[in-house]
Amino acid sequence: MRSLHLALADLRREPAFTLCSVLALAAVIAPLILLAGLRAGVIAGLKDDLSASPRTREIANIQNLALDPAWFEALAARPETGFLIPRTRLLAATGSLEAAARPGRIATVEILPTAPGDPLLPGIPAATDSQIIVTAAAAQRLALRPGDALRLRIIRRVGEGREVLALDLTTLAIAPAGAFDRDAIFAPPALGRRVQDFLDDRTADTTPRRAEGFRLHARRLEDVPTLVALLQSQGIETRSRADEVAALLALDRNLTAGFAVIALVGGTGFILGLGAALWASTARKRRTLSLLRLMGLDRTTLTLIPIWQGLAYALGGSLAGTALALAAAEAVNRLPLLGPNDGQNLARIGAPEFGAALALSLLAATLAATAAAQRAASADPAEGLRDE
Amino acid sequence: MTEAPLVLEGVVATRRAGGAAFTLTIEALRLEAGSLVAVTGASGTGKSTLLDIAALARRPDNATVMAICGTDAAALWARGAKDALATLRARHFGYVLQTGGLVPFLSVGANAALAQDLAGRRDAAHLVALAGTLGIDDLLARMPASLSVGQRQRAAILRALAHRPALVLADEPTASVHPDMAATILALLADQARQAGAAVLLATHDAPAARAAGFHEVPLQPGPASSRLPALLPA
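Quantities reported herein were computed from a predicted structural model and do not represent experimental measurements. (Residues numbered from 1 in each chain as written. Chains lettered and ligands numbered in written order. Predicted model: local features only at pLDDT ≥ 70, side-chain atom pairs only at ≥ 80, totals over all residues.)

Let us look at the packing of helix 6 (residues 149-161) of chain B against helix 7 (residues 179-196) of chain B. The description of two helices packed together rests on the angle between their axes and the distance between the axes. Residue and element names in this part refer to chain B. Where helix 6 meets helix 7, the axes come as close as 11 Å, and the angle between the chain directions of the two elements is 15 degrees. Taken together, the axes of helix 6 and helix 7 lie roughly parallel to each other. Two packed elements cross with a definite hand, and for helix 6 against helix 7 that hand is right-handed. Residue-level inspection shows G150, Q153, R154, I157 and L161 of helix 6 in contact with helix 7, the latter providing M181, I185, L188, L189, Q192, A193 and A196. (Axes fitted to C-alpha atoms, helices over the stretch in contact; angles between N-to-C directions. Helix = DSSP H or I, 4+ residues; strand = E, 2+ residues; numbered from the N terminus. Parallel < 35°, antiparallel > 145°, perpendicular 65-115°, else oblique. Left-handed = near helix turned anticlockwise from the far one by under 90°. Contact = placed C-beta atoms within 7 Å.)

It is worth spelling out the pairing of strand 3 (residues 94-99) of chain A at this point. Residues and elements named next belong to chain A. Here strand 3 shows a clear split, with G95, L97 and A99 buried on one side and none of T94, S96 and E98 buried on the other. Where strand 3 and strand 4 (residues 106-113) come together, five bridges link them in antiparallel fashion. Bridging from a neighbouring strand, S96 pairs with T108 of strand 4. The antiparallel hairpin formed by strand 3 and strand 4 contains six residues in its connecting segment, where G104 sits at a positive phi of about 95 degrees. Across four bridges, the pairing between strand 3 and strand 6 (residues 149-158) is antiparallel. In the strand pairing of strand 6, A99 is matched with L150. (Buried ≥ 20, exposed ≤ 12 C-beta atoms within 10 Å, placed from the backbone. Pairing = 2+ DSSP bridges.)

Attention now moves to the sheet that holds strand 4 of chain A. Strand pairs in the sheet, formed through backbone hydrogen bonds, run parallel or antiparallel to each other. All names here are of chain A. Spatial strand order, 3-4-8-5-7-6: six strands in a closed barrel with mixed pairing. Looking at each pair of strands side by side, their axes are set apart by 45 degrees on average, direction ignored. The pairing of strand 4 with strand 8 (residues 184-187) spans four bridges and is classified as parallel. The residue bridging L112 from the neighbouring strand is F186, located in strand 8.

Bringing the pairing of strand 4 (residues 65-68) of chain B into the picture now. Residues and elements named next belong to chain B. Burial along strand 4 is one-sided: M66 and I68 are buried, while V65 and A67, pointing the other way, are not. Bridge count for strand 1 (residues 6-17) against strand 4 is three bridges, and the pairing is antiparallel. By the bridge assignment, V7 is partnered in strand 4 with A67. By the bridge criterion, two bridges tie strand 4 to strand 5 (residues 71-72) in an arrangement that is antiparallel. By the bridge assignment, A67 is partnered in strand 5 with D72.

Fair warning: the whole summary comes from geometry, so function is off the table for now.
Okay, structure coming up:
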């Protein structure tokens, strides 16, 4: 392409001027990339902290409810829902767990429903009706290992006496430490229902029961406030970390807005600075442009010369700016007061930051070159004849 | 029959500078292939205006006939078809200016190659052969700024003729060189143009040097605030 060839040949002839222009642009671009990296690093770090525990996405009901299957179907169908399973009454679902190999060592455990895909039990295969997953706390209390035989006893009072439901179970796995802090077992929903039916003496009652609660996990961190608000609108009080998540999202929005303002100011400076440099360059080379017009270059080719030069400056400025920003980010991440913190970098500059900087720089350069392009296009061939 | 490289008849161009107007009238000028014409006159007599008109760089106020190799340039001016005029210049014109008029960021070879590209007549062998004839084949990779004035003028002749134009426009090509060198440059230009079959329209102060190089002299006839180029038509 003739215009590109001429534009680059002109830049090559003045390497010092070209380098200065590129570095001037890099000086504008580098802080913007670093700021973008800091914003990404701060938000990502906080998100990582919150996302480290799947319980952050957990939403629990704090009162007993009466929820029918249609309610569960509707909630499960929402895009914000990551995991949903009915659960039994909150206080009633407890029992005494004893390891068959160590009689006398007993832990009082809560019975939590689980199903495939449970975010608290990643990588653990689905349990059958006689298999349970024991929390780390209960497993330690009973010195359990996967495969150990267990007996779960549920006691109910009948008049002055007591009746016991004894269930022989197997330890399928030990839950990860952060899954649940207290002594508990994760069991298929059928086991929980059987326990509650026994406690309520409904063993002969075949009418479908309504669930008294749920275990709900949002798909993403950002979905937690949405689901909490939805449940609240249905009169369901919940316990979650929605406030923390909402605060993080608000911080993200505020940092993004702040960054946008700084980027706007920086971008304006970029456009004005580059525009002025290209304008001055075009004015300085007006006679050469006129000579090219005299030799027969068309207006389009002349117009494209400063635009290509602007794009070349922007490309060079973006590359140099990214290199500067990466070096600055490395320095920031090595500062003892700032990071690295738990393996997280305070400033994160990746392909998105570089890609955005490059794309916006090229766009701004095209805009900045407009005035110079118009001036180039109006080059007068008669001026080219005056070689004095 | 080959069309004449340049035909101007009844052309009037007025130039305004500092409130004063200056009018150039070209009665009739017809340059056939291979003809060498030197327009002479003192400063301010309209030589530059004449070249501007001939180079399609300035729109005349009036033109009865204005044809470049058979193409009606007056009609293109009337239509404001400036890119079409640029194409005519690229195809049919070469230029030798006071200090060469080379594109400063292109090498000598690239300057000549650009002229060939713009004319649509890329011919590297012809370019190298012509450079050899002009004695600058070892300067093709050099940038114009690194050349002496004499070398630049040779390079300008190379660039002017590399694309086999019908007409070479030369504006004071020897004004910046030593008088001894001036004769050589003009002789070289005239000789190479003749060999290429190109007409040359030369504007110069130096009428004796032009005549010595074989140019037919046409003096501009100055008047009050005007100049007139008398009719120059082939016999």
